[in-house]
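Structural overview for review
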Amino acid sequence: MYPCSNVELVAAASESGALGVIQPLTLRFVHGTGLKDGITEIRKLTSKPLALNVLTEKSAKIYQKRMEESVDIALEAGIRFFVTYLGKPGWVVRKVQSLGGIVYHDVTRRSHAQRALEEGVHGLICVNGTAGGHAGDLNLEELWADLDGLKVPKVAAGGISTREGYQKALKLGYDAVQMGTRFIATNECSANPDYKKAILEAHAKDIVKTWRVTGVPLAVIKTPYVESIGTEAGFFARWMLKGRKTKHWVRLFYSLMSLVRLRKMARPGQVSSKDLFQAGQSVEGINRVISVKEVVRDLTGS
Ligand SMILES: Cc1cc2nc3c(=O)[nH]c(=O)nc-3n(C[C@H](O)[C@H](O)[C@H](O)COP(=O)(O)O)c2cc1C
């Protein structure tokens with residue numbers, strides 16, 4: 001998660017029996033650590049398997065070289081699981097496959113899934129409309145039905161923070177779940193205490209999707225500030241987002257701005273009324289800051 005996946009959180013997730021996903025942009029822009037050093041730090045805390053999150057969005061072309069380097073560093077460090085998001089993940093598949101690497105791509109609907117499968121991915125992270133981060137628009141069941149017949153492993157992402165939610169996803173047929181928001185309200189996450197408090201206090205109905213941060217819908221807690229500025233992108237940005245080429249420029253601009261804007265929430269310090277709290281509807285089941293181990297144990301019973 002950008003900006004929340006600090007090394008202690010990723011390590012604790014893997015150490016607890018889940019699979020911790022390293023977000024290289026978080027290491028670099030929030031913690032000022034290179035990926036190699038970040039992995040070294042994580043390895044002091046766990047020897048369990050890890051994954052790497054790779055941004056494959058076309059508008060992030062300026063990051064392309066850095067992302068390729070990140071994949072190389074991860075492979076060299078023995079990481080074999082890759083979670084790609086946005087754009088075309090084919091280059092990651094080609095890079096990692098011959099070394100036994102596996103790529104799961106974030107999808108919000110069937111057309112995205114089909115394109116990702118044509119690119120050669122091995123599994124799908126099925127991001128529903130209740131997710132934190134870049135949410136989709138279908139609910140857990142609708143997305144399952146939409147992806148019917150696609151014979152690859154499917155991971156449910158969005159809205160899950162309790163054992164009931166976890167079991168419901170598995171009962172539907174999903175092979176696993178991916179969670180974000182629940183892990184922010186943990187002892188190991190270095191997010192700002194006010195951010196954690198906002199997650200504990202929020203309900204599912206308080207989550208809205210805004211276009212104003214990254215140029216694609218981003219789930220945030222509805223604060224008076226979010227209400228006052230609205231959730232639509234400005235007129236000029238909306239017009240640019242409609243163009244085939246211009247949409248990539250405007251997204252790039254938004255992405256760069258959001259890297260700076262959002263990182264504050266991952267650090268201790270003063271939170272202002274204009275800060276944005278990213279979270280999914282899974283806030284509904286989150287009432288306490290607990291350890292990652294407890295999160296995994298509460299969810300799976302082991
Ligand atoms: C604060 C935050 C940041 C996120 N950042 C990323 C990211 O950088 N890359 C990514 O693939 N998904 C990201 N996600 C999405 C999560 O990986 C996951 O799919 C989502 O949180 C699931 O929904 P939940 O928050 O209800 O558990 C983020 C989610 C949150 C809450």
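I will try to describe carefully the structure that is included in this document. (Residues numbered from 1 in each chain as written. Predicted model: local features only at pLDDT ≥ 70, side-chain atom pairs only at ≥ 80, totals over all residues. Heavy atoms only, no water.)

**Remarks on the environment of Thr186**
In this structure, Thr186 sits in the loop between α9 (181–184) and α10 (193–201). Judged by relative accessible area, Thr186 falls into the buried class, the value being 0%. For Thr186 and Ile290, which are 104 residues apart along the polypeptide, the C-alpha to C-alpha distance reads 4.8 Å. The contacts of Thr186, once residues within four sequence positions are left out, are Leu9, Lys196, Val289, Ile290, Ser291, Val292 and Val295. (Helix = DSSP H or I, 4+ residues; strand = E, 2+ residues; numbered from the N terminus. Buried < 20%, exposed > 50% of the residue type's maximum accessible area, 1.4 Å probe, protein only. Contact = heavy atoms within 4.5 Å.)

**Remarks on the sheet that holds strand β4 (residues 102–107)**
Reading across the sheet, the seven strands line up as β1-β2-β3-β4-β5-β7-β8 and stay open at both edges, with parallel pairing between neighbours. Two strands in the sheet have a free side with no partner beyond their single neighbour: β1 (20–22) and β8 (176–178). Sheet twist, expressed as the average angle between the axes of neighbouring strands with direction ignored, equals 30°. As paired elements, β1 and strand β2 (residues 50–55) share three bridges and run parallel to each other. (Pairing = 2+ DSSP bridges. Axes fitted to C-alpha atoms, helices over the stretch in contact; angles between N-to-C directions.)

**With respect to the sheet that holds strand β9 (residues 207–210)**
Strand order across the open sheet formed by three strands is β6-β10-β9, with antiparallel pairing between neighbours. Across the chains shown, the open sheet's two edge strands, defined by having one partner strand only, are β6 (133–134) and β9. Note that β9 and strand β10 (residues 218–221) share four bridges and pair antiparallel. Each residue of the ladder has a partner; that of Thr210, found in β10, is Leu218.

**Re the packing of aromatic side chains**
Applying the stated criterion to the full structure yields three aromatic pairs. A centroid spacing of 4.8 Å and a plane angle of 55° characterise the contact between Phe81 and Tyr104, whose relative ring orientation is tilted. In this pair, Phe81 is assigned in strand β3 (residues 81–85) and Tyr104 in strand β4, connecting sequence segments 23 residues apart. Its relative accessible area of 12% is what places Tyr104 among the buried residues. (Phe/Tyr/Trp six-rings, centres within 6.5 Å; stacked < 30°, edge-to-face > 60°.)

**Some remarks on the site of the ligand**
Taken together, 21 residues are adjacent to the ligand, and Gln23, Asn53, Gln178, Thr181 and Ser282 come closest. Between the ligand and Gln178 there is a distance of 2.8 Å, counted from an oxygen atom to a side-chain nitrogen or oxygen. Measuring from an oxygen atom of the ligand, one finds a side-chain N or O atom of Ser282 at 2.8 Å. Contact with the protein chains hides 93% of the accessible area of the ligand, taken as 600 Å² for the molecule alone. Counted by class, the shell around the ligand contains eight nonpolar, 12 polar and one charged residues. (Near = heavy atom within 4 Å. Polar contact = N/O pair within 3.5 Å; in protein donor to acceptor, adjacent residues only side chain to side chain. Areas by Shrake-Rupley, 256 points an atom, 1.4 Å probe, with all protein chains shown as cover. Nonpolar A, V, L, I, M, F, W, Y, C, P; charged D, E, K, R; others polar.)

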